[in-house]
Every structure is written in structure tokens, then in C-alpha cells.
Amino acid sequence: MTLQDVIGYAFKDQALLELALTHRSVSSENPSRFDNERLEFLGDAVLQLVVTDRLYADFPDLPEGQMAKVRAAVVSGSALAEIATSIGLGDHVELSPSEERSGGRTKRSILADALEAIIGAVYLDSGFAEAETLVHRLWEGRIEEKAANPGVRDYKTRLQEVLAVTGRRPEYEVTGTGPDHKREFSAVVSVDGSVLGVGEGRSKKAAEQAAAETALRSIS
């Protein structure tokens, strides 16, 4: 089964699909090649709009602040990587040999970016309606689940509450890499000097949330 079979969309322009699957490590080693960063930027905007429209139309009683929380959870790097993994997207991404050796096919940031790039590619290939249909298909049930409990993905708060029972507090250390327009962050959460979890994200907050999620799993 091909990736197009899995996502339920057949590209008219196969070059768009190929571009969406090309990681920047390829263009870094071969300047004549283009990568998926621009498509990822476009796909992120399309995804945000689709989710926002769905929340506004289907959940009229949800306050603006709660809608923002739900949207943030639904389009987070962790959520994107989870969906990308479920469709086997990592097997189709084109990486440089060095990125391949470093385990790039399972990196959350690479998977999340590639999924957004595919959304952007579908938008260019067939327009907003098809991109919207793709998002609804891949995110089936996830928006409703989060809207029913907007705080369910606030891992930092949950970790703090769990540790507070024993009088402990989590401490986060965040580092960033990459150019200003494409920063990637790594976070480590520790308690009393012991590391409980690590995480990655495209913002400091996202990385901290990912680290807190890992920590909660390690102590549950």
C-alpha cells in the first residue's frame, strides 16, 4: 500500500508529493535540491485554519480561551508526530545519509514537519476543500476528544500536580538549535537533580510539554 493509499489522496502533481517528503538535510548536502520547509509553513497555516473552523462551527459553547487550548493540543508537534507515525510517514521521507544514520525517520520534529508539508502540498494540488478533507480524515475523533476535555494535554500542569503530593517541583532546562526562522528546542525535566523526561518541540513551551509527557509516563 502506498502513502497515497494510506492518506486517501492521489496527487495530480507527483512532484509536490516528492517535495513534501524531502527533508532539509537533503538540500543542505545538495544545494541544487529543494526541501519541504516552505510547504511545511503553508501546511501549518492550512491546518490551523481547518481546526479553528471546525472548533468554531461544531463547538459554539466553547470559549475563545478553551478553543485556543484545544487547537494547540490538536496541532502540537507531539500530535502531529503521533499521526505521522500511525500512517508510517517516516518510511517515505527522503533524508540525507547522515540524517538517516542519526535516526531521522523516527524524530518527532521531522515527522511533524513532513505531515504539515503534505497538507500544504494537497492544498496546492487541489485546493482548500481537499486539504480540509485530509485533515478531517487524519484527525478523525481527535478534535472532538480534546474539545471534550481541553486541559487533557497540559502535561506540565499534570506533572506539577503529581509531584506536589510529595513536596517536589519539576525543573526544566531548554536548549535551542537551528536558524532563527526554524528553531528546534529540546527540553529536559528534572526533579532533585534526577532527569525524569526529555522532549522536543518547535517552541520552548512545546518542548517542555513533550518532556513533561515523557516524565509522566516514566513515573506512572
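Everything that follows concerns the structure shown earlier in this document.
Scoring rules and cut-offs
Residues numbered from 1 in each chain as written. Predicted model: local features only at pLDDT ≥ 70, side-chain atom pairs only at ≥ 80, totals over all residues. Heavy atoms only, no water. Helix = DSSP H or I, 4+ residues; strand = E, 2+ residues; numbered from the N terminus. Buried < 20%, exposed > 50% of the residue type's maximum accessible area, 1.4 Å probe, protein only. Contact = heavy atoms within 4.5 Å. Axes fitted to C-alpha atoms, helices over the stretch in contact; angles between N-to-C directions. Parallel < 35°, antiparallel > 145°, perpendicular 65-115°, else oblique. Nonpolar A, V, L, I, M, F, W, Y, C, P; charged D, E, K, R; others polar. Phe/Tyr/Trp six-rings, centres within 6.5 Å; stacked < 30°, edge-to-face > 60°. Lys NZ or Arg CZ within 6 Å of the ring centre and 35° of its normal. Left-handed = near helix turned anticlockwise from the far one by under 90°. Arc of directions from axis to C-beta. 1 Å grid on protein atoms, 1.4 Å probe; cavity = no way out; pocket = protein on both sides within 12 Å on 5 of 7 lines; lining within 4 Å. Points joined across faces, edges and corners; volume = space filled by probe spheres on them. Pairing = 2+ DSSP bridges. Salt bridge = Lys/Arg side-chain N within 4 Å of Asp/Glu carboxyl O. Core = buried A, V, L, I, M, F, W, Y, C linked by side-chain atoms within 4.5 Å.

*Asks:* Describe the environment of Phe 34, listing the residues and the values that go with them.
*Replies:* By the secondary structure assignment, Phe 34 is in the loop between helix H3 (24-29) and helix H4 (37-58). For Phe 34, a relative accessible area of 67% puts it in the exposed group. The residues contacting Phe 34, other than those within four sequence positions of it, are Leu 19, Thr 22 and Ser 27.

*Asks:* Mind laying out the packing of helix H6 (residues 77-86) against helix H8 (residues 108-126), listing which residues take part and the relevant values?
*Replies:* Between two packed helices, what matters for the description is the angle formed by their axes and the separation of those axes. Where H6 contacts H8, the two axes come as close as 8 Å, and the packing angle between them is 80°. Between H6 and H8, the angle falls in the class roughly perpendicular. Facing Gly 77, Ser 78, Leu 80, Ala 81, Ile 83, Ala 84 and Thr 85 of H6, the residues of H8 in contact are Arg 108, Leu 111, Ala 112, Leu 115 and Glu 116. Its residues assigned to classes, the contact of H6 with H8 comprises 7 nonpolar, 3 polar and 2 charged.

*Asks:* Run through the packing of aromatic side chains, naming residues and quoting values.
*Replies:* According to the stated counting rule, one finds 1 aromatic pair in the structure shown. On the basis of an interplanar angle of 90° and a centroid distance of 5.0 Å, the ring pair of Tyr 9 and Phe 11 is categorised as edge-to-face. Its guanidinium or amino end placed over the ring of Tyr 172, Lys 156 lies 4.9 Å from that ring's centre, counting from NZ or CZ.

*Asks:* Could you give an account of the packing of helix H11 (residues 155-164) against helix H12 (residues 204-219), with specific residues and numbers?
*Replies:* Where H11 meets H12, the axes come as close as 8 Å, and the angle between the chain directions of the two elements is 40°. Considering the angle they form, H11 stands oblique to H12. Here H11 and H12 pass one another in a crossing that is left-handed. Together, Tyr 155, Lys 156, Arg 158, Leu 159 and Val 162 of H11 and Glu 208, Gln 209, Ala 212, Glu 213, Ala 215, Leu 216 and Ile 219 of H12 make up the contact between the two elements.

*Asks:* With reference to specific residues and values, describe helix H5 (residues 64-74).
*Replies:* Here H5 has its buried residues at Met 67, Val 70, Ala 73 and Val 74. Looking straight down H5, one finds that the buried residues subtend no more than 130° of arc, so they occupy a single side. In the core, the buried residues of H5 are packed alongside H4, H6 and helix H10 (142-148).

*Asks:* Quick one: what's the story with the layout of surface pockets, residue by residue and with numbers?
*Replies:* Put simply, the largest pocket is a space of about 790 Å³. Around the largest pocket sit 31 residues that line it, and Ala 72, Ala 73, Ser 76, Ala 206 and Gln 209 are the ones nearest its centre. Across the lining of the largest pocket, the residue classes break down as 10 nonpolar, 9 polar and 12 charged.

*Asks:* How would you explain the sheet that holds strand E1 (residues 171-177) if you had to name every residue and give the values?
*Replies:* Spatial ordering of the open sheet is given by E1-E2-E3, a layout of 3 strands whose pairing is antiparallel. If you trace the sheet from one side to the other, it starts and ends with E1 and strand E3 (194-201), each paired once. The sheet shows a mean angle of 20° between the axes of neighbouring strands, direction not considered. Where E1 and strand E2 (residues 184-191) come together, 7 bridges link them in antiparallel fashion. Counted as the bridge partner of Val 174 is Ala 187 from E2. Taken strand by strand, H12 contacts E1, E2 and E3, and its axis lies near 135° from that of E3.

*Asks:* Now, about the pattern of salt bridges: what can you tell me, with residues and values included?
*Replies:* A complete count under the given rule lists 11 salt bridges for this structure. The structure contains a network of salt bridges with shared partners spanning Arg 24, Glu 37 and Glu 184.

*Asks:* Residue-level account of the nonpolar core, with values.
*Replies:* Ranked by size, the top nonpolar core spans 44 residues in total, and within it Leu 89, Leu 115, Ile 118 and Trp 139 carry the most contacts. Secondary structure elements with two or more residues in this core: helix H1 (3-7), helix H2 (14-20), H4, H5, H6, H8, helix H9 (128-138) and H10. Core analysis: the next-biggest nonpolar cluster, separate from the first, contains 13 residues, Phe 185, Val 189, Leu 196 and Ala 207 among them.

Take it as geometry only, folks, not as evidence of what the structure does.
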